[in-house]
Amino acid sequence: MTVTFLGAVRTVTGSMHLVETGDTRLLLDCGLFQGRRADARRINSEFPFPPSSIDAVLLSHAHLDHCGNLPTLVRQGFGGKILCTPATRDLAALILRDSAEIQHQDVNFANKARARQGQPPLQPLYTIDDAEQAIRRLRPVPYHQTFQVGPATGVFYDAGHILGSAVTVLTVEGRTIVFSGDLGRTAAPIIRDPEFPPAADLLIMEATYGDRRHEPFERGGRKLADVVRGTVRRGGTILIPAFAVGRTQDITYTLHRLQDGGKIPAVPTFVDSPMATDATAIFRQHPEVFDAETLARLSRGDPFGGRDIRYVRSVEESKELNARHDPFIVVATSGMCESGRILHHLRHHVGDPQSSLVFVAFQAADTLGRRLVDGVTPVRIFDESYEVRLQVHRIESYSAHADRDELVAWVGRMPRVGQICLVHGEEQQCMALARHLGRRGIKTIVPQRGQRVTV
Ligand SMILES: [Zn+2]
Ligand SMILES: [Zn+2]
């Protein structure tokens with residue numbers, strides 16, 4: 001069996017690895033590479049193998065950087081099955097449709113400029129039709145149920161990263177590859193903790209935070225409670241930018257829990273995003289992957305709902321929020337304030353010193369979110385300049401990725417690991433983790449793109 005590392009190699013997006021055994025070829029993930037437009041276009045549209053030669057894809061989870069290039073694969077001739085857990089199937093369908101829509105809008109926007117310059121129009125990377133074709137190929141397999149692909153036997157374990165996320169175990173003739181996918185953290189809200197896979201001859205492991213340590217989750221809950229109490233006392237509004245899938249549910253669940261426990265006052269809360277509303281509906285359909293605490297809450301009512309939490313779909317209702325004068329909380333996309341309804345709320349409240357903006361995720365360079373975190377003022381929102389007077393807070397404990405200590409502890413709980421290849425991390429994070437694991441006597445490499453390893 002060989003593995004060729006093709007994507008999310010010394011970087012974090014575009015997860016894709018090719019496993020070959022005999023004449024069977026499998027892909028682990030087929031994620032979208034995100035970066036500068038021209039690079040992304042080339043990397044996402046040119047596969048280093050004929051897509052028709054792939055027998056099956058094993059999809060670790062529904063994040064775009066893991067599933068987002070499946071429609072291109074199908075468009076270019078892939079005709080096999082895409083195996084994943086049932087929750088991943090439902091979330092991936094939502095995310096792929098949304099991604100096709102974004103591709104469409106991006107190309108329309110770019111083509112307007114190209115038309116002015118007399119250049120021919122671009123085609124989108126894929127269409128909604130391509131996305132639907134890919135969705136039709138998704139085949140759900142629950143955790144712990146074995147499946148057969150050619151000579152390989154596979155099984156998914158819970159990765160504890162997002163709803164439905166899986167650690168993939170593949171065995172051929174007594175040799176085993178374990179692919180961590182994105183690995184979650186112990187004690188994360190809603191979902192169960194990462195499971196420990198069996199012995200591996202080769203472990204392909206993510207290293208997003210290979211050189212960092214996170215705050216514990218509980219500290220995040222306490223910080224959020226402090227901000228909510230303080231802002232409500234001042235009569236301000238609390239804005240929380242959050243990704244629609246995963247982080248929004250973590251936050252609504254936490255707010256619900258804080259309110260239940262009397263840690264924050266009853267304050268109207270609005271999840272202002274159709275996509276987050278749809279994603280939350282999918283969460284509700286998959287209680288089989290909830291942890292014990294969430295199941296207990298479920299038996300008493302909706303863990304993502306409650307008296308004061310409202311899901312907002314229509315634009316009219318979203319606009320009506322701007323007319324409110326009582327304290328309230330808005331959770332809206334996008335997570336880095338680059339687009340979406342959060343921008344309308346920001347424009348309305350950014351100059352109000354009584355209000356608070358709470359970041360609950362990493363803010364990438366060159367985003368509005370990052371400028372706000374860095375204390376830049378004034379900022380541009382919809383091409384107008386605004387002085388920043390609201391209070392900006394940052395809660396870093398909601399990361400869905402294991403940190404260095406958690407990654408090392410997870411490896412330590414496996415019965416045996418022959419060799420580790422680190423992927424899905426910036427080079428410096430991978431190298432630091434490789435040194436750390438190396439000191440523990442585990443052979444660890446950080447592969448280059450295109451490098452092949454024999455198991
Ligand atoms: Zn992920
Ligand atoms: Zn990822």
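For the structure itself, consult the block above.
Predicted model only: the values in this text are computed from it and were never measured. (Residues numbered from 1 in each chain as written. Chains lettered and ligands numbered in written order. Predicted model: local features only at pLDDT ≥ 70, side-chain atom pairs only at ≥ 80, totals over all residues. Heavy atoms only, no water.)

Can you help me understand the pattern of salt bridges in this one?
For side chains of opposite charge, pairing can occur when their charged atoms come near one another. Scanning the model with the defined rule gives 25 salt bridges in all. Residues Arg-185 and Glu-406 are paired through a salt bridge, measuring 3.6 Å at the closest nitrogen-oxygen approach. Taken together, the residues span a long stretch of sequence, with Arg-185 in the loop between strand S10 (175-179) and strand S11 (200-206) and Glu-406 in helix H13 (residues 404-412) at a distance of 221 residues. Residue Arg-313 pairs with Asp-278 through a salt bridge whose shortest N-O separation is 2.7 Å. A residue pair is termed long-range when its members are at least 10 positions apart, and Arg-313 in the loop between strand S14 (309-312) and helix H10 (315-320) and Asp-278 in helix H8 (residues 274-284) qualify at 35 residues. Taking the relative accessible area as the measure of exposure, Asp-278 reaches 28% and is therefore partly exposed. (Salt bridge = Lys/Arg side-chain N within 4 Å of Asp/Glu carboxyl O. Helix = DSSP H or I, 4+ residues; strand = E, 2+ residues; numbered from the N terminus. Buried < 20%, exposed > 50% of the residue type's maximum accessible area, 1.4 Å probe, protein only.)

Please explain the coordination of the zinc ion (ligand 2) as it appears in this structure.
Each pair of donors in an ideal four-coordinate tetrahedral metal site encloses 109.5 degrees, whereas pairs in an ideal six-coordinate octahedral site enclose 90 or 180 degrees. The protein atoms that coordinate the zinc ion (ligand 2) are Asp-65 (OD), His-66 (NE2), Asp-182 (OD) and His-424 (NE2), at distances spanning 2.1 to 2.2 Å. Relative to the metal, the four donor atoms surrounding the zinc ion (ligand 2) lie at angles of 87 to 167°, and the coordination shape comes out irregular. Donor residues for the zinc ion (ligand 2), ordered by position in the chain, follow D-H-x115-D-x241-H. Between the zinc ion (ligand 2) and the zinc ion (ligand 1), a separation of 3.4 Å is found, and both are coordinated by Asp-182. Separated by 116 residues along the polypeptide, His-66 in helix H2 (residues 64-67) and Asp-182 in the loop between S10 and S11 bring together distant segments of the chain. Asp-182 carries the same exposure label as His-66, and that label is buried. (Donors = N, O, S within 2.8 Å, 3.2 Å for Na, K, Ca; no water. Tetrahedral: all angles 85-135°; square planar, octahedral: opposite > 155°, others 65-115°.)

Sorry, what's going on with the sheet that holds strand S2 (residues 16-21) here?
The strands that make up a sheet are held in pairs by hydrogen bonds between backbone atoms, and each pair lies either parallel or antiparallel. Reading across from one edge, S6-S5-S4-S3-S2-S1-S22 is the order of the seven strands in this open sheet, with mixed pairing throughout. Looking along the sheet, the strands with just one partner apiece sit at the ends: strand S6 (138-140) and strand S22 (452-454). Between one strand and the next, the sheet's axes are offset by a mean angle of 25°, whatever the strand orientation. Bridging between strand S4 (residues 56-58) and strand S5 (residues 81-84) involves three bridges; their strand directions are parallel. Along S5, the bridge assignment pairs Ala-56 with Lys-81. With respect to the sheet, helix H4 (residues 86-116) is in contact with S5 and S6, its orientation differing from that of S6 by roughly 150°. (Pairing = 2+ DSSP bridges. Axes fitted to C-alpha atoms, helices over the stretch in contact; angles between N-to-C directions. Contact = heavy atoms within 4.5 Å.)

Quick question: what am I supposed to make of the pairing of strand S20 (residues 417-423) here?
Along S20, six of the seven residues are buried, which leaves the element largely enclosed by surrounding structure. As judged from the six bridges shared by S11 and S20, these two strands associate in the parallel manner. Bridge assignment links Ala-200 to a residue of S20, and that residue is Val-417. As defined by bridge partners, S20 adjoins strand S21 (residues 444-445) across two bridges and the pair is classed as parallel. Considered in S21, the bridge of Ile-420 is made with Thr-444. Crossover S20 to S21 through helix H14 (residues 427-439) is right-handed. (Right-handed = clockwise from strand over helix to strand, strands pointing away.)

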